[in-house]
Amino acid sequence: MTKTRGSGFGARASELAAIGRRFYARGWVLGTSGNFSAVLSRTPLRLAITSSSLPKGTLRASDILECDEHGRVVSKTKAKPSAETLLHVEIAKRRGAGAVLHTHSVWSTMLSDAWASGPEATLAIEGYEMLKGLAGVTSHEHRVIIPIVDNDQDMPRLARRVGDTLDRHPAAHAFLLRRHGLYTWGATLADAERHVEILEFLFETIGRTGGKPSWQ
Ligand SMILES: [Zn+2]
């Protein structure tokens, strides 16, 4: 471990790698898809984040690197951070999240393909007991709004779009990138992992039953 690494890097790296292996086993991050991060410090902002283009089923702690608030690598490594690092930085800043997790599941991809497009597209879910696994939700009657953001390969532009979306939906626990996947977060890695499990359960339930979430 180098001096530049934030406190707790080793532990966070091991946890992120273990999450990657678990998510791969669930079919949520096949191929080299998905990326995961945990905040190491706020001032300055430092993230432990997955390296780019790695299979998640065999992810190890040594595949995690440290980046700054601009997505630049600060640990001594030749590896590149995930291509979507700027999105993690944006969420960590805007939401004060302690961890950000991104999956490419079949169900999240299908449900993200809403009829409506543009900055106001959302998926609303209500009436499911599993919603209570989301932070602050205490009743199945709670209506959860998940914004759908159009995908983009221009990461600075996509990060700005995500930032605007987060500002428009201050209560959102997650957002979907259209035909791409899910981003969710939490105060801790455990909270963020629970959010992925809850949301993937809900997406699959809705998808398998032909349920009727409302796209707006
Ligand atoms: Zn992705």
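(A) Fine view of the side chain of Thr50. Counting through the fold element by element, Thr50 comes out in strand S2 (residues 46-50). Owing to a relative accessible area of 1%, Thr50 belongs among the buried residues under this scheme. Apart from the residues within four sequence positions on either side, Thr50 is in contact with Asn35, Phe36, Leu59, Asp63, Ile64, Pro81 and Ser82.

(B) Seen up close, the packing of helix H2 (residues 85-95) against helix H4 (residues 155-168). Packing of H2 against H4 brings their axes to within 9 Å, and their N-to-C directions diverge by 25°. By the angle between their directions, the pair H2 and H4 is classed as roughly parallel. Considering the relative orientation of H2 and H4, their crossing is right-handed. Across the interface between the two elements, Leu86, Leu87, Glu90, Ile91, Arg94 and Arg95 from H2 touch Met155, Pro156, Leu158, Ala159, Val162, Gly163, Leu166 and Asp167 from H4. Tallied by class, residues from the contact of H2 with H4 come to nine nonpolar, one polar and four charged.

(C) Highlighting the packing of aromatic side chains. Tallied over the entire structure, the rule returns four aromatic pairs. Judged by centre distance (5.3 Å) and plane angle (70°), the ring pair of Phe23 and Trp28 falls under edge-to-face. Trp28 carries the same exposure label as Phe23, and that label is buried. Connected via pairs of aromatic rings, a cluster forms that spans Phe23, Trp28 and Phe36.

(D) The arrangement of the pattern of salt bridges in detail. Across all of its chains, the model carries 13 salt bridges by this definition. One salt bridge in this structure joins Arg12 and Glu15, with 2.9 Å as the shortest N-O distance. In this pair, Arg12 and Glu15 both sit in helix H1 (residues 9-25), three residues apart, roughly one turn of the helix. Judged by its relative accessible area of 33%, Glu15 is partly exposed. Between Glu193 and Arg22 there is a salt bridge; the shortest N-O distance is 2.8 Å. One end of the pair, Glu193, is in helix H5 (residues 189-209); the other, Arg22, is in helix H1, with 171 residues separating them in the sequence. One connected set of salt bridges, linked through shared partners, spans Glu90, Arg94 and Asp167.

(E) Looking closely at the coordination of the zinc ion. Every protein donor of the zinc ion is accounted for by Glu84 (OE), His102 (NE2), His104 (NE2) and His180 (NE2), and the metal-donor separations fall at 2.1 to 2.3 Å. Note that the zinc ion binds four donor atoms; their angles at the metal cover 91 to 151°, and the shape is irregular. All donors of the zinc ion come from a single chain, and their spacing in sequence reads E-x17-H-x1-H-x75-H. Taken as a pair, Glu84 in the loop between strand S3 (64-67) and H2 and His180 in the loop between strand S7 (174-177) and strand S8 (181-186) lie far apart in primary sequence, 96 residues in all. Glu84 gets classed as buried once you look at its relative accessible area, which sits at 9%. Relative accessible area serves as the criterion here: at 11%, His180 is assigned to the buried category.

Reading the values: rules and limits
Residues numbered from 1 in each chain as written. Predicted model: local features only at pLDDT ≥ 70, side-chain atom pairs only at ≥ 80, totals over all residues. Heavy atoms only, no water. Helix = DSSP H or I, 4+ residues; strand = E, 2+ residues; numbered from the N terminus. Buried < 20%, exposed > 50% of the residue type's maximum accessible area, 1.4 Å probe, protein only. Contact = heavy atoms within 4.5 Å. Axes fitted to C-alpha atoms, helices over the stretch in contact; angles between N-to-C directions. Parallel < 35°, antiparallel > 145°, perpendicular 65-115°, else oblique. Left-handed = near helix turned anticlockwise from the far one by under 90°. Nonpolar A, V, L, I, M, F, W, Y, C, P; charged D, E, K, R; others polar. Phe/Tyr/Trp six-rings, centres within 6.5 Å; stacked < 30°, edge-to-face > 60°. Salt bridge = Lys/Arg side-chain N within 4 Å of Asp/Glu carboxyl O. Donors = N, O, S within 2.8 Å, 3.2 Å for Na, K, Ca; no water. Tetrahedral: all angles 85-135°; square planar, octahedral: opposite > 155°, others 65-115°.

By themselves, these observations are geometric and do not establish any function.
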